[in-house]
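Each chain is listed here by its residues.
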Amino acid sequence: MKIKLFSYNFEDTFVHHLSGLTKIICFLFLTFAVMFSYDIRVIISILLFSLVVFRISKIKFKQVKLMVIYVAVFIITNAVISFLFAPEYGVKLYGTRHEIIAITKSISLTYEQLFFQVTKLFKYASVIPFGIIFLLTTNPSELASALSGVGVNYKAAYAVALTLRYFPDIQREYADISQAQQARGLDLSHKAKFKDRFKNALLIMVPLIFSTLSRVELISNAMDLRGFGKGKKRTWYNMKKLSRNDHLALGISALIFIASLGISFFINHSRYYNPFI
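Treat the numbers as computed from the prediction; the structure is a model and nothing was measured.

1. Considerations on the overall build of the protein
Now for step 1: The helix and strand inventory of the protein stands at nine helices and two strands.
Now for step 2: Secondary structure of the protein in N-to-C order comes out as α-α-α-α-β-β-α-α-α-α-α.
Now for step 3: Expressed as lengths along the three principal axes of its C-alpha atoms, the size of the protein is roughly 65 × 55 × 35 Å.
Now for step 4: Burial status across the protein gives 36% buried among its 277 residues.
Now for step 5: Long-range contacts, defined here as pairs at least 24 residues apart, represent 75% of the contacts in the protein between residues at least 6 apart.

2. So, the layout of surface pockets
Now for step 1: Counted as a void, the second largest pocket has a volume near 320 Å³.
Now for step 2: As for the second largest pocket, its lining consists of 17 residues, and the residues nearest its centre are V15, L18, C26, L30 and V53.
Now for step 3: Residue assignment for the lining of the second largest pocket shows that the elements contributing at least two residues are α1 (20–36), α2 (40–56), α5 (111–136) and α9 (244–267).
Now for step 4: Along the lines of polarity and charge, the residues of the lining of the second largest pocket split into 15 nonpolar, one polar and one charged.

3. Considerations on the confidence of the model for the protein
Now for step 1: Per-residue pLDDT for the protein averages 85, and the proportion of residues at 70 or more is 96%.
Now for step 2: Considering each helix and strand of the protein separately, the mean pLDDT is smallest for helix α6 (residues 140–149), with a value of 78, and largest for α9, with 95.

4. A word on a nonpolar patch on the surface
Now for step 1: A cluster of nonpolar side chains, contributed by Y174, F194, F198, L202, M205, V206, I209, F210 and L213, occupies part of the molecular surface with about 930 Å² of accessible area.
Now for step 2: Within the secondary structure layout, I209 lies in helix α8 (residues 194–225).
Now for step 3: Since its relative accessible area comes to 45%, I209 is described here as partly exposed.

Calculation notes
Residues numbered from 1 in each chain as written. Predicted model: local features only at pLDDT ≥ 70, side-chain atom pairs only at ≥ 80, totals over all residues. Heavy atoms only, no water. Helix = DSSP H or I, 4+ residues; strand = E, 2+ residues; numbered from the N terminus. Buried < 20%, exposed > 50% of the residue type's maximum accessible area, 1.4 Å probe, protein only. Contact = heavy atoms within 4.5 Å. 1 Å grid on protein atoms, 1.4 Å probe; cavity = no way out; pocket = protein on both sides within 12 Å on 5 of 7 lines; lining within 4 Å. Points joined across faces, edges and corners; volume = space filled by probe spheres on them. Nonpolar A, V, L, I, M, F, W, Y, C, P; charged D, E, K, R; others polar. pLDDT = per-residue confidence, 0-100. Patch = residues over 30% accessible without salt bridge, like charges linked within 9 Å, V, L, I, M, F, W, Y side chains within 5 Å. Areas by Shrake-Rupley, 256 points an atom, 1.4 Å probe, with all protein chains shown as cover. Salt bridge = Lys/Arg side-chain N within 4 Å of Asp/Glu carboxyl O.

Dropping the structure here:
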């Protein structure tokens, strides 16, 4: 069976058994720790921690392969554009200049810029695993209760949960429509020209969009008939009570966040680690 993107699959792991509220708070703690600090030592440490948690979660690479490709393309594109528009930003930031190679008369690659770019790359690489773990190990219904638990309006929380819940359905429907169109002679293989494949893909997207709109209308009518949104608050069927493991996970995440702030304020005296001085 083909594993779908963004699909929740329950596994008997430490991470899966955590409360949705715990996971969203831990995600925020660890994300803020990475985003605040520009100390590559802290960022790499958190990256290694995220990979350990990723392994514990038993998430298969084929589940996230497409996401990893998109993220890699984004990171590389961001690095190239950042260098082209601000090739001397690292020099201004660290206050020194050590040239590696002159690319043109006005653009040079320096150790300072390279160090800054590598630090940014590791920052992105550290956050992505936490996001994947959070999405793929949290039941959408439990995610709604977790978002409500951190103060998000329950209507918005429920909308997010519905979006994640119907990603696998939309993917399955896309596959069904694609197979039906190919059975009618539509060529979507790599043998066809890119222009023809693009036109043929539109023939799949149009019925998919209309079927999705029909699904949205059906769900909204069902929710209206059940009086959804009439009350200021609501209860949640899938809300879990915090266990010992939840408190342990929250404590570890909080310690990492505090350590990141402490290193920035008391050791580096700045958000940036400067190895050039």
